[in-house]
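Residue-level listing of the chains:
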Amino acid sequence: MPEILEIEAYRRLAVQVVGRTVRSVQAPDAWFIKGGATPESLSAALVGRRFTAARRLGKLLLLDSGGPTLGLRFGMTGRLLVDGQAAIEHLEWGSRRFNPAWHRFGLTFTGGGQLIIDDPRRFGGVEIAPDEAALGPDAWTLGVGGLRLALAGGRGPLKARLLDQSRIAGLGNLLVDEMCWRASLDPCRPAGSLSDQESSVLARVMRQVLNQLDKRGGSHMGDLFEHRGRGACCPQDGQPLTKTTIGGRTTWWCPLHQQ
DNA sequence: ATTGTGGCCTGCCCGC
DNA sequence: TGCGGGCAGGCCACAA
């Protein structure tokens, strides 16, 4: 599930390990280690380091230490556990079961406690010093100007541009559908075709959706979400929703009011 | 360069 | 009730 809202919840949980010193690294799945690192090099880079901050950039969770920054990605089914406690108990499309074999990465700390990534599908990963510059500005703090810049000149679909993490960091499939729906924008339209007025509305909706769904508890709490699926109708005007694929992602939208 | 496609993995839901 | 085909919210490499 994790989109920006879930990663922000993970970040709040990860604050609990700030100030702790890494005693050991558990990396049973070498495939989960990205950026050319190995379980051994990761261990060498982290053991003895004390975390100084927990940051988030889009869907990337960052743990700063005196040395290298540790980047954590959660793919579609990754959950964060700290001291046995999960930031989010159940992920949409995740598994409800508990299986230690899905613990792809872990840290134990001097003085006790443990941080674990639980990821059944192994789409997540950990990386030392991930390239933060490869990501666009964070969606949560993006203003109108930043949004216009991100959309400018785009010939591809609006939705594909909004999902492009190098343009805007943090938005996933569900949030983009919700935002386009609330902003009454056809997700198939070329990104660069939005008027100044339309991009202003979208920027306002973006912030509104993130703040509101954060309070509700996640990316799957949108007004459109429960209507995704067979026989879906627009909750605003009752029109049957259209299902299409944009940017390789399943897309639900209302052909009546989204123009 | 930008944009589109396929593939990575595994669990689970729906329909037969 | 059991089984198998789709499908899943992310991301990357590669092709056009």
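In this numbering scheme, every chain counts its residues from 1 along its sequence in written order. Going through the entries in the order they are written, you letter the chains from A and number the ligands from 1. Residues qualify for local features only when their pLDDT is at least 70, as the model is predicted, and side-chain atom pairs are given and counted only at 80 or more; totals for whole chains, interfaces and linings, by contrast, use all residues. Hydrogens are left out, water is left out, and the side-chain values use all remaining heavy atoms of the structure.

Student: Can you help me understand the nonpolar core in this one?
Tutor: Soluble globular proteins: nonpolar side chains tend toward being buried together. Residues grouped as a nonpolar core are buried Ala, Val, Leu, Ile, Met, Phe, Trp, Tyr and Cys residues, joined through side-chain atoms within 4.5 Å. Only protein chains enter the accessibility calculation, which uses a 1.4 Å probe; a residue is then buried when its area is under 20% of its type maximum, exposed when over 50%, and partly exposed in between. With 28 residues, the main nonpolar core has Leu162 and Leu202 as its most contacted residues. Those elements giving two or more residues to this core turn out to be α1 (4–14), α3 (144–151), α4 (158–163), α5 (173–182) and α6 (196–216). Helix and strand labels come from DSSP, where a helix needs a run of H or I of at least four residues and a strand needs a run of E of at least two; each type is numbered from the N terminus. If you tally residues by element for this core, the top one is α6, at seven residues. In this structure leucine 202 touches Leu147, Leu151, Leu158, Leu162, Met179, Ala183, Leu185 and Leu194, once residues within four positions along its chain are discounted. By size, the runner-up hydrophobic cluster in this structure holds 27 residues, among which are Val22, Ile33, Phe51 and Ala54. Residue contacts are defined here by distance: any two heavy atoms, one from each residue, within 4.5 Å place the two residues in contact.

Student: Explanation requested: the pairing of strand β7 (residues 103–109) in the structure shown.
Tutor: Residues in a regular strand point their side chains to alternate faces of the sheet. By the criterion of burial, β7 is predominantly enclosed, with seven of the seven residues buried. Two strands make a pair as long as DSSP finds a minimum of two bridges between them. Looking at chain direction, strand β1 (residues 22–26) and β7 are connected through four bridges and run antiparallel. The partner of valine 22 across the bridge, within β7, is phenylalanine 109. Taken together, the five bridges between β7 and strand β8 (residues 114–118) define a ladder with antiparallel strand orientation. Counted as the bridge partner of leucine 107 is leucine 115 from β8. The turn linking β7 back onto β8 is made up of four residues, and glycine 111 within it adopts a positive phi angle of 90°.

Student: Sorry, what's going on with the packing of α5 against α6 here?
Tutor: Note on definitions: angles span 0 to 180 degrees between N-to-C directions of axes, and those axes are lines fitted to C-alpha atoms, for helices only across the stretch in contact. Look at α5 against α6: their axes get within 9 Å of each other, and the N-to-C directions meet at 125°. Considering their axes alone, α5 and α6 lie oblique with respect to each other. Taken as a pair, α5 and α6 cross one another with a handedness that is right-handed. Side by side, α5 and α6 meet where Leu175, Glu178, Met179 and Arg182 of the first sit next to Leu202, Val205, Met206, Gln208, Val209, Leu210, Gln212, Leu213 and Arg216 of the second. Throughout this entry, Asp, Glu, Lys and Arg are counted as charged residues, while Ala, Val, Leu, Ile, Met, Phe, Trp, Tyr, Cys and Pro are counted as nonpolar. The remaining residues, Gly among them, count as polar. For the contact of α5 with α6, the residue count by class is eight nonpolar, two polar and three charged. Working rule for angles: under 35 degrees goes down as roughly parallel, over 145 as roughly antiparallel, 65 to 115 as roughly perpendicular, anything else as oblique. Here is the rule for handedness: rotate from the far helix to the near one, and if that takes an anticlockwise turn smaller than a right angle the crossing is left-handed, while a clockwise turn gives right-handed.

Student: Sorry, what's going on with the domain arrangement of chain A here?
Tutor: The figure often quoted for interface size is the accessible area lost as the parts come together. Domain ranges listed in this record stem from an automatic or a database domain assignment. In terms of domain boundaries, chain A breaks down into domain 1 (4–133) and domain 2 (136–253). With eleven residues of domain 1 at the contact, the number on the domain 2 side is 17 residues. Here domain 1 packs against domain 2, burying approximately 1,100 Å² in sum over the two surfaces, 60% of which is carbon and sulfur. For salt bridges, the criterion is a side-chain nitrogen of Lys or Arg within 4 Å of an Asp or Glu carboxyl oxygen. Applying the counting rule to domain 1 against domain 2 returns two salt bridges. A salt bridge links aspartate 138 to arginine 56; the nearest nitrogen and oxygen atoms lie 2.7 Å apart. Here a polar contact is recorded for every N or O atom pair within 3.5 Å, except that within protein the pair must consist of a potential hydrogen donor and a potential acceptor, and residues adjacent in sequence are included only if both atoms are side-chain atoms. Our count for the contact surface shared by domain 1 and domain 2 stands at six residue pairs in polar contact (both at pLDDT 80 or more). Examining the composition of the side of domain 1 that touches domain 2, we find that five residues originate from one element, α1, more than from any other. The quantity reported as buried area is the accessible area (1.4 Å probe) lost by two parts once they are put together, taken as the sum for both.

Student: Any chance you could explain the environment of arginine 12 here in plain terms?
Tutor: With respect to the secondary-structure elements, arginine 12 resides in helix α1. Assessed through its relative accessible area of 41%, arginine 12 is described here as partly exposed.

Student: I'm lost on the side chain of glutamine 258 in this one. Help?
Tutor: By the element assignment, glutamine 258 lies in the segment after β11 (249–253). By relative accessible area, which is 1% here, glutamine 258 ends up buried. A polar side-chain atom of glutamine 258 sits 3.3 Å from the main-chain carbonyl oxygen of cysteine 180. For glutamine 258, the side chain forms a polar contact with the main-chain nitrogen of cysteine 254, separated by 2.8 Å. For glutamine 258, the contacting residues outside a window of four places in its chain are Cys180, Trp181, Ser184, Leu185, Asp186, Pro187 and Trp253.

Student: Can you walk me through the sheet that holds strand β2 (residues 51–57) in this structure?
Tutor: Sheet strands associate in pairs through backbone hydrogen bonding, adopting either a parallel or an antiparallel arrangement. A sheet is described by the order of its strands in space; here four strands give the open sequence β2-β3-β4-β9, paired in antiparallel fashion. Edge positions in the open sheet fall to β2 and β9 (125–128), since each of these has one partner strand only. Averaged over all adjacent pairs, the angle separating strand axes in this sheet is 20°, with direction ignored. Pairing of β2 with strand β3 (residues 60–65) involves six bridges; the strand directions are antiparallel. Looking across to β3, one finds that arginine 56 is bridged to leucine 61. Here α1 sits on the sheet in contact with β2 and β3, set at roughly 170° to β2.

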